[in-house]
Every structure is written in structure tokens, then in C-alpha cells.
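Okay, here's what each chain looks like letter by letter:
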Amino acid sequence: MEHQIEIKQMNFKAVHTLAEDAVLEGNAVLRVVKKEKRELFDENTYAKVEGIAFHNGIIEVKLLSRLLPDAPDFARGFVGIVYRVKEDDSEFEGFYLRPTNGRMCTDPVRKAHGCQYFSYPGYTFSYFREYGITKYEAQADVDLNEWMNLKAVIQDARAEFYLNGNPEPVLVVEEQKHGIGEKGGVGIFVDIGTEAFVSEMKVTCTD
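Scoring rules and cut-offs
Along each chain, numbering runs from 1 in the same order as the chain's sequence is written. Note on the predicted model: pLDDT of at least 70 is required for a residue's local features to be given, and 80 or more for side-chain atom pairs to be given and counted; whole-chain, interface and lining totals, by contrast, use all residues. The side-chain figures draw on all heavy atoms in the structure; neither hydrogens nor water molecules are used. Each nonpolar core is a collection of buried residues, namely Ala, Val, Leu, Ile, Met, Phe, Trp, Tyr and Cys, held together in the definition by side-chain atoms within 4.5 Å. The cut-offs for exposure are 20% and 50% of the maximum accessible area for each residue type, with area from a 1.4 Å probe on protein chains only; residues under the lower value are buried, those over the upper are exposed, and the others partly exposed. Each helix is a run of H or I in the DSSP string that is no shorter than four residues. Each strand is a run of E no shorter than two, and both are numbered from the N terminus. Should any heavy atoms of two residues lie within 4.5 Å, those residues are counted as being in contact. Nonpolar side chains (Val, Leu, Ile, Met, Phe, Trp, Tyr) within 5 Å and like charges within 9 Å form the patches, drawn only from residues with over 30% relative accessible area and no salt bridge. For every accessible area listed, the method is Shrake-Rupley and the probe measures 1.4 Å; residues are considered covered only by the protein chains on display. A pair is scored as a salt bridge if a Lys or Arg side-chain nitrogen falls within 4 Å of a carboxyl oxygen belonging to Asp or Glu. We count Lys and Arg on the positive side and Asp and Glu on the negative side, and we leave His and both chain ends out. Note on charges: their place is set at NZ of Lys, CZ of Arg, CG of Asp or CD of Glu. Any two strands with at least two DSSP bridges between them are considered paired. Think of a polar contact as two N or O atoms within 3.5 Å of one another; within protein, one of them needs to be a possible hydrogen donor and the other a possible acceptor, and neighboring residues in sequence only count if both atoms come from side chains.

Description of the nonpolar core
Okay, step 1: Core analysis: the largest hydrophobic core is formed by 43 residues, its most contacted members being Ile59, Tyr83 and Met201.
Okay, step 2: For this core, the leading source of residues is strand E15 (residues 194–205), giving 5 residues.
Okay, step 3: Excluding residues that lie within four positions of it along the chain, Tyr83 makes contacts with Phe54, Ile59, Phe92, Glu93, Gly94, Tyr117, Ile154, Ala159, Phe161, Gln176, Gly185 and Val186.
Okay, step 4: If you look at the next biggest cluster of nonpolar residues, it comprises 11 residues, including Val15, Val82, Val85 and Phe189.

This is the structure:
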């Protein structure tokens with residue numbers, strides 16, 4: 001079943017965030033920023049679509065990221081998606097982009113961290129780095145203040161993430177941390193120091 005999401009605040013539930021209708025470049029968008037847990041990484045901070053139970057299928061979103069005026073030096077413009085979100089927001093799978101580590105980044109170490117899969121709770125980027133696990137990050141040809149088309153193809157324990165119509169995935173996760181998972185919500189993820197904008201969103205459920 002295909003769900004074309006109307007991008008309006010009333011269609012989203014803000015979870016530890018502020019989600020509001022806005023206009024960007026003359027177009028109606030949803031603006032999402034962290035409201036709580038503002039100093040914590042990889043937390044349940046997102047705007048969740050109302051009324052969707054997603055297990056397997058495709059999530060497509062058009063996103064733009066900016067740094068807030070008071071963003072700390074380590075802010076990277078973190079923006080992405082969450083899916084299979086439990087009703088009480090205690091578990092989910094997630095993927096996000098770090099635009100400042102993208103196209104314009106000249107530091108090879110930072111550039112290798114252009115995008116990130118994570119699983120809440122527990123499996124954060126800091127957990128993966130502490131144990132030297134590198135397979136959940138990759139380079140990403142993105143930048144701040146530009147529209148990015150993200151597509152996630154989810155099938156049981158496997159996830160493939162694509163950018164801007166490229167036929168090759170930017171990241172493939174063979175074994176998501178919640179395994180085949182359960183049906184749950186879908187949302188727009190935002191993290192520290194970031195102002196996220198969404199202009200389009202479509203969710204296709206295949207089961």
C-alpha cells in the first residue's frame with residue numbers, strides 16, 4: 001500500500017522535537033528541530049507520521065538540512081529517517097546524513113562518516129566506533145542547504161539506502177539490530193544543532 005504523505009504539521013507527531021509548518025523557497029514544508037534531549041546523540045528525536053504501521057517496503061523523502069545559529073562545533077547537520085518505531089517510542093531503526101561531512105569536507109576521516117545507520121536504544125554511532133565497527137557508516141555526496149532525495153528499501157533484516165536517484169546504494173545494512181523487526185511508525189529524524197526541512201514524503205508498505 002502506498003501512502004503519499006501530505007507535508008503538514010497536523011500529519012506528524014513531534015517526539016522530543018518541535019515540528020511546524022513553514023515556507024522555504026516558496027514551497028510549503030515541515031520544519032523539525034530538537035526540543036528536548038538537545039545535548040544527546042542518536043536519541044528518539046523525530047517527527048513521526050500519524051497513522052502508518054510500516055514493516056517492509058520503501059520510504060522516500062526529500063530533505064534539506066541547515067545548522068542552527070547556536071549549533072555547536074561538532075554539529076554535522078544530522079537529518080534522516082526512523083522506521084519500525086514502537087508505539088511508545090522506545091525502539092526503532094534509523095538512518096541519517098551528516099551533510100558537513102559530505103561533498104565539501106576535506107578531512108578524509110570525517111568524510112568517511114557521511115551517513116550512519118543506528119538502532120535505538122543502544123546501538124548508536126558512539127557504540128559502533130567504540131568497538132571499531134565501521135560497516136554502518138559510509139561517504140555521502142551531500143551538503144548543507146540543498147535538497148536531498150533519500151530512499152530506504154527495507155526487507156526483513158536488510159536495509160538499502162539510496163541518494164538522489166543513484167542506482168547504487170550509499171549504504172547497505174545486511175543485519176539490522178532489531179532483526180526482521182515488527183511493524184511500527186515512520187518519521188523524520190533530527191539531531192544536535194540541526195534545522196531539518198521536509199518537502200515530500202512517500203511510504204510504500206509491502207506487507
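This is not the end of the story, as more comes after the structure.
Observations concerning a negative patch on the surface
Okay, step 1: On the surface, Glu87, Asp88, Glu91 and Glu182 cluster together into a patch of negative charge.
Okay, step 2: Relative to the helices and strands, Asp88 resides in the loop between strand E7 (79–85) and strand E8 (92–97).
Okay, step 3: Look at Asp88 and you get exposed, because its relative accessible area is 55%.

Here we look at the sheet that holds strand E14 (residues 185–190)
Okay, step 1: The 7 strands are arranged E2-E5-E14-E7-E8-E9-E10 in an open sheet whose pairing can be described as antiparallel. Bordering the open sheet on either side are strand E2 (12–15) and strand E10 (137–138), each of which pairs with just one other strand.
Okay, step 2: In terms of strand pairing, strand E9 (residues 115–120) meets E10 through 2 bridges, oriented antiparallel. Bridge pairing links Gln116 to Glu137 in E10.

A short note on the environment of Arg76
Okay, step 1: When you line up the elements, Arg76 lands in the loop between strand E6 (57–67) and E7.
Okay, step 2: Between the C-alpha atom of Arg76 and that of Thr100, which follows or precedes it by 24 residues, the distance is 5.1 Å.
Okay, step 3: Beyond its immediate stretch of four places on either side in the chain, Arg76 contacts Leu67, Arg98, Pro99, Thr100, Asn101 and Arg110.
Okay, step 4: A polar atom in the side chain of Arg76 sits 3.3 Å from the side chain of Asn101.

A word on the environment of Leu68
Okay, step 1: Note on placement: Leu68 falls in the loop between E6 and E7.
Okay, step 2: The class of Leu68 is buried, set by a relative accessible area of 18%.
Okay, step 3: C-alpha of Leu68 to C-alpha of Gly193: the two residues are 125 residues apart in sequence and 5.4 Å apart in space.
Okay, step 4: In contact with Leu68, not counting residues within four places along its chain, are Arg31, Val33, Gly193, Thr194 and Glu195.

A few points about the pattern of salt bridges
Okay, step 1: A full pass over the atoms with the stated rule returns 16 salt bridges.
Okay, step 2: Between Asp70 and Arg38 there is a salt bridge, and its shortest N-O distance comes to 3.6 Å. Of this pair, Asp70 sits in the loop between E6 and E7 while Arg38 sits in the loop between strand E4 (27–34) and strand E5 (46–49); the two residues are 32 residues apart in sequence, bridging distant segments of the chain.
Okay, step 3: Here Asp70 falls in the exposed class, since its relative accessible area comes to 53%.
Okay, step 4: Residue class for Arg38 comes out partly exposed when judged on its relative accessible area of 44%.

Focus on the side chain of Asn56
Okay, step 1: Looking at the secondary structure, you find Asn56 in the loop between E5 and E6.
Okay, step 2: For Asn56, the side chain forms a polar contact with the side chain of Asp207, separated by 2.9 Å.
Okay, step 3: Once you skip the residues sitting within four places of it in the chain, Asn56 turns out to touch Arg84, Ile154, Gln155, Asp156, Thr204, Cys205, Thr206 and Asp207.

As for the environment of Thr134
Okay, step 1: Of note, Thr134 is situated in the loop between helix H2 (125–130) and E10.
Okay, step 2: Measuring from C-alpha to C-alpha, the distance between Thr134 and Glu200 comes to 31 Å, with 66 residues separating the pair along the chain.

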